[in-house]
Amino acid sequence: MKISRTYWALLFGVLLCVPAWAQEGTTGSGRYDQQIQQEATKALHSKDKWKNVTASTNDAIVTLDGSVSVLMDKLDAGKKVNGLDHVNGIRNHIQVSSDVADSQLQSKLSDKLRYDRIGYGATFNNLNLKIQNGVVTVGGDVIDYPSRDSALALIETTPGVKDVIDNINVLPVSPMDDELRIRVARAIYGNSTLSRYAIDPQSPIRIVVKNGHVSLYGVVDIKLEKQVAEAQA
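Here the residue numbers are simple positions, counted from 1 along each chain's written sequence. Only residues with pLDDT of 70 or above have their local features reported here, since the model is predicted, and side-chain atom pairs are shown and tallied only from 80 upward, although totals for entire chains, interfaces and linings are computed over all residues. Hydrogens and water are ignored here; the side-chain numbers use all heavy atoms of the structure.

Among the buried residues, those of types Ala, Val, Leu, Ile, Met, Phe, Trp, Tyr and Cys that are joined through side-chain atoms within 4.5 Å form a nonpolar core. Each residue's exposure class comes from its accessible area (1.4 Å probe, protein chains only) as a fraction of the maximum for that residue type: buried when under 20%, exposed when over 50%, partly exposed otherwise. Counting 34 residues, the largest nonpolar core has Leu44, Leu64, Leu109, Val136, Ile155 and Val161 as the members making the most contacts within it. It is helix α6 (residues 145–156) that contributes the most residues to this core, four residues altogether. Put simply, DSSP marks the helices as runs of H or I at least four residues long and the strands as runs of E at least two long, and each gets a number from the N terminus on.

Right, let's talk about the sheet that holds strand β6 (residues 135–142) for a bit. Each pair of strands is called paired provided DSSP finds at least two bridges between the two strands. In space, the three strands of this open sheet follow the order β5-β6-β7, with mixed pairing throughout. Looking at strand neighbours, the two that pair on one side only are β5 (126–132) and β7 (163–170), the edges of this open sheet. Pairwise comparison of adjacent strand axes, ignoring direction, gives a mean angle of 10° for this sheet. Axes, fitted as lines to C-alpha atoms, cover a helix only where it is in contact. Angles between the N-to-C directions of the axes lie from 0 to 180 degrees.

Right, let's talk about the confidence of the model for the protein chain for a bit. Note on scores: pLDDT gives the predictor's confidence for each residue, bounded by 0 and 100. Across the protein chain, the average pLDDT comes to 90, with 88% of residues at 70 or higher. Low pLDDT, under 50, characterises residues 6–26; the stretch is placed with three contacts to residues that sit more than four places away or in other chains. Here a residue-residue contact requires only that any non-hydrogen atoms of the pair lie within 4.5 Å.

On to the pairing of strand β9 (residues 213–218). Put simply, side chains in a regular strand alternate between the two faces of the sheet. Relative to β9, strand β8 (residues 205–210) runs antiparallel, the two being bridged by six bridges. Note that in β9 the partner of Ile207 across the bridge is Leu216. Hairpin geometry of β8 and β9 is characterised by an intervening segment of two residues between the two adjacent antiparallel strands and by a positive phi of about 55° at Asn211.

Among the residues of helix α8 (residues 223–232), Glu225, Val228 and Ala229 are the ones counted as buried. One side of α8 holds all its buried residues, which, seen down the axis, span an arc of 100°. Projecting away from the buried face of α8 at angles above 90 degrees are the exposed residues Lys223 and Ala231. Buried residues in α8 make contact with α7 (175–189) and β9. Throughout, the arc means the angular range of directions from the helix axis out to the C-beta atoms.

So, on to the layout of surface pockets. Cavity means a closed set of points on a 1 Å grid over the protein atoms alone, one where a 1.4 Å probe fits but cannot get out, pocket means an open set with protein on both sides within 12 Å along at least 5 of 7 lines, and lining means a residue has an atom within 4 Å of a point. Grid points are joined across faces, edges and corners, and a volume is the space filled by probe spheres set on the points. There is about 470 Å³ of room inside the largest pocket. Surrounding the largest pocket, 25 residues form its lining, Ser110, Arg114, Asn126, Gln202 and Arg206 being those nearest its centre. Within the residue set of the lining of the largest pocket, elements represented by two or more residues are α5 (102–114), β5 and α6. Within this model, the second largest pocket holds a volume of roughly 170 Å³. Lining the second largest pocket, in full, are Ile205, Leu216, Tyr217, Gly218, Val219, Val220, Lys226, Ala229 and Glu230.

So, about the pattern of salt bridges. Salt-bridge detection follows one rule: a side-chain nitrogen of Lys or Arg within 4 Å of a carboxyl oxygen of Asp or Glu. Under the defined criterion, the tally for this structure stands at eight salt bridges. Notably, a salt bridge pairs Arg114 with Asp111, separated by 2.2 Å at the nearest N-O pair. Taken together, the positions of Arg114 and Asp111, both in helix α5 and three residues apart, correspond to about one turn of that helix. Across the pair Arg196 and Asp221 runs a salt bridge whose closest N-O atoms are separated by 2.7 Å. Remark: Asp221 occurs in the loop between β9 and α8 and Arg196 occurs in the loop between α7 and β8; sequence separation between them is 25 residues. For Asp221, a relative accessible area of 56% corresponds to the exposed category. Each member of the salt-bridge network shares a partner with another, and the members are Lys49, Asp73 and Asp76.

In C-alpha cells:
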C-alpha cells in the first residue's frame, strides 16, 4: 500500500509538536533545584541548632551534611527541609557529635526510662535497651502509643545518642487486660512483704499483661520477694 505524502507530512508534524508540559518534563525535577536550595538554606539558618548543617540539591533530592548536638536536631532538620515545596526526598547524612561511652549512655537512659510516664501507667510498661557505638535499640512492651512516643523522644533528645532502632511493641487495647493489670498491681504492691516497693516512683516491679498472660519484670532485693510477687500474681 502506498502512503501519501500528505500522510507523512501530517505524521511528521505530530511528532514535532511536543506539548509544553512534555518539554518541561524532560528537564526533570531539577528545574526547581535553585529554589529548593535557597529555601533549604534559609530554613537551616533560621535555627542555631543547625548552624553546622549544609544542604545540597540535585533533581529535587536534598542531601543534608554537617553535625548537630543531639539526634532530635538531625531528625527535625530532615522534616523541616522535606516539608519545602517541590522536595522529592531527603538524604540525611548529618552526624551527631558524641563522645559519650556506650556504658555511660546505657546507665543514663535506663534511669530516665524508669521514671518516664510516672502517673500514666508506667507500672505496666517494660522497656529494654541495647547500645552499640551510640546506636540505641529499644524494645519491650508498653500499654499505649503515648508511652512509646515519650520513650523515643526521651532517647532522641539525650546527648550521645546517634540513632534509634525502635522495636517497642504497643500492647493491644483490651478492657479485660486493663482490669487484670489493676488487680495484679494491687495484689503485688498491696502485699505486706512487697508494700515498701509501692512508695518507689519508678515501680521496681513491672507488670505486663497481654491477652490475659501476665509477665513480671524488674528487680527486688531477695529471692523470697520474687516468690511472693509470683504467688500474688
